[in-house]
Amino acid sequence: MISTQELFRLIKGPIAVAEPLAPYTGLRIGGTADYFIKPRDRGDLCRAFGYFSERGLPFFILGRGSRLLVHEQGFRGTVIATHLLDRVIVDGYTVEADAGASVQALFDRAAKASLGGLDGFGAGAGTVGGALCRADGSGNGCESLEWVDVLHNGRAKRLRNGELHSRMARRSLAADVILGAGFRLEKLSGRARHSAPAPVPEPAASPQPALSGKVFLDPVPLTGQEQPGAAELLDACGLRGASRGGATFSHTDANRILNNGEATSADVLGLVRHAGETVRERFGVRLELGLVLVGYNTNGSHVPFT
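Our subject in this report is the structure included herewith. Values in this document were obtained by computation on a predicted structure and should not be read as measured data.

What follows covers the overall build of the protein. Within the protein, the secondary structure is distributed over eight helices and 17 strands. A buried classification covers 49% of the 306 residues belonging to the protein. By sequence separation, contacts in the protein at least 24 residues apart represent 63% of the contacts at least 6 residues apart. Accessible area of the protein: about 14,400 Å², with a carbon and sulfur share of 50%.

With that settled, consider the packing of aromatic side chains. Summed over the entire model, instances satisfying the criterion amount to six aromatic pairs. Between F52 and F59 the ring centres are 6.0 Å apart and the planes differ by 35°, which places this aromatic pair in the tilted class. As far as burial versus exposure is concerned, F52 and F59 are alike and both buried. The interplanar angle of 70° and the centroid separation of 5.1 Å between the aromatic rings of F121 and F183 together place this pair among those described as edge-to-face. Here F121 is found in the loop between β8 (115–116) and α4 (128–134), whereas its partner F183 is found in strand β11 (residues 177–184), with 62 residues between them in sequence. Residue F183 is classed as buried on the basis of its relative accessible area of 0%. The ring of Y51 is capped by R55, whose NZ or CZ atom sits 3.8 Å from the centre of that ring.

The strands making up a sheet associate through backbone hydrogen bonding, with each pair oriented either parallel or antiparallel. Pairing in this open sheet of four strands is mixed, and the strands run β1-β2-β5-β3 from one edge to the other. Sheet topology places β1 (15–20) and β3 (59–62) at the edges, where each strand pairs with a single neighbour. Neighbour-to-neighbour, the strand axes of this sheet turn through a mean angle of 30°, independent of strand direction. Across four bridges, the pairing between β3 and strand β5 (residues 75–81) is parallel.

Another aspect to go through is the side chain of D98. Following the sequence through the fold, D98 ends up in strand β7 (residues 94–98). For D98, a relative accessible area of 3% gives the class buried. Contacts of D98, omitting those with residues within four sequence positions, involve R42, L85, D86, R87, V128, L179 and G180.

Before going further, it helps to examine helix α2 (residues 42–54). The end-to-end C-alpha distance of α2 is 18 Å, a good match for the 18 Å that 13 residues give at a rise of 1.5 Å each. Buried within α2 we find R42, D44, L45, A48, F49, G50, Y51 and F52. You can read the cap of α2 off the contacts: a side-chain oxygen lies 3.2 Å from the backbone nitrogen of G43, and it is on D41. Where α2 ends, the next residue or the one after it, G56, has phi of about 65°, a positive value.

Glancing now at the pattern of salt bridges. Applying the stated criterion across every chain, the model contains 14 salt bridges. Taking the shortest distance from any N to any O, the salt bridge between R47 and D44 comes out at 3.1 Å. Of this pair, R47 and D44 both sit in helix α2, three residues apart, which is roughly one turn of that helix. With a shortest N-O distance of 2.9 Å, D253 and K214 are connected by a salt bridge.

Relative to the helices and strands, H251 is located in the loop between β15 (247–249) and β16 (257–259). Considering only alpha carbons, one finds H251 and R240, eleven residues apart in sequence, at a separation of 5.5 Å.

Summarising the sheet, strand β6 (residues 88–91) and β7 pair through four bridges and their orientation is antiparallel. Each bridged residue has a counterpart across the sheet, and for I89 the counterpart in β7 is E96. Counted between consecutive antiparallel strands, the loop separating β6 from β7 contains two residues, among which G92 sits at a positive phi close to 65°. Sheet topology places β7 next to β11; five bridges connect them, and they run antiparallel. Bridge pairing in β11 links T94 to R184.

Rules and cut-offs
- Residues numbered from 1 in each chain as written.
- Predicted model: local features only at pLDDT ≥ 70, side-chain atom pairs only at ≥ 80, totals over all residues.
- Heavy atoms only, no water.
- Helix = DSSP H or I, 4+ residues; strand = E, 2+ residues; numbered from the N terminus.
- Buried < 20%, exposed > 50% of the residue type's maximum accessible area, 1.4 Å probe, protein only.
- Contact = heavy atoms within 4.5 Å.
- Areas by Shrake-Rupley, 256 points an atom, 1.4 Å probe, with all protein chains shown as cover.
- Phe/Tyr/Trp six-rings, centres within 6.5 Å; stacked < 30°, edge-to-face > 60°.
- Lys NZ or Arg CZ within 6 Å of the ring centre and 35° of its normal.
- Pairing = 2+ DSSP bridges.
- Axes fitted to C-alpha atoms, helices over the stretch in contact; angles between N-to-C directions.
- Expected span 1.5 Å × (residues − 1).
- Polar contact = N/O pair within 3.5 Å; in protein donor to acceptor, adjacent residues only side chain to side chain.
- Salt bridge = Lys/Arg side-chain N within 4 Å of Asp/Glu carboxyl O.

Scope: geometric values only; no functional claims are made or implied.
Written out as structure tokens, the structure reads:
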């Protein structure tokens, strides 16, 4: 059982009760969470994580929520949001970013310091932590990544070199709570400074239309072989613009779903199931779900259609 008084003594950041989750998601779908916590810093997050994990209480970590799909009945547990963990620090050629920092803020700070080397990092992700959770070790703009700080077995740990890249290749970084990361960048020449590419940010949050992040992860190609991305496979199956209830695959990106204002979580899941089955039947490729489903079981993690 959660003691509200104990939480307020332990956590420095704001704590809300019965907080609606729909405004924190790209699709604007979902009910309330029992508790909603915004840790002030990494120490605050570690204390919150320890409190709930040691007691076996249901909780999950929330970034920008672009890939979050919450059941209309909500989540009977606690949401720990990283919105206040948004530091980006430049020290020479090294840039350190908290997990809750936006990918756009990371690029902006690097560009302001005339640093490059982040090309391709975090495409389609809202936060640094979200980008690292999906990093698959197949390039993905991560060559400049020096370390990742995670919360492992209740303690902060810095992953480097072989351990880091092994975890990325197995897509297992998300098994721990990502606290932040460090990048070793390079000084840009005057010409490169003006031609440096910008990241592809998540769609800006807006009531209409409500748009998800990437619905499916890109398949990991076999060694020496090319593999179409999830959007290409969905497009080739004619799924661009396909609908189920109030949910529609975007006409501009076949791997994102639009909510026309009336979509339910069941509409979204029905459309996702149909898309996954269609791609598997036509191409023999089993797409991995990129959406994170919350409220479908006690701990907030659910991966259907595998």
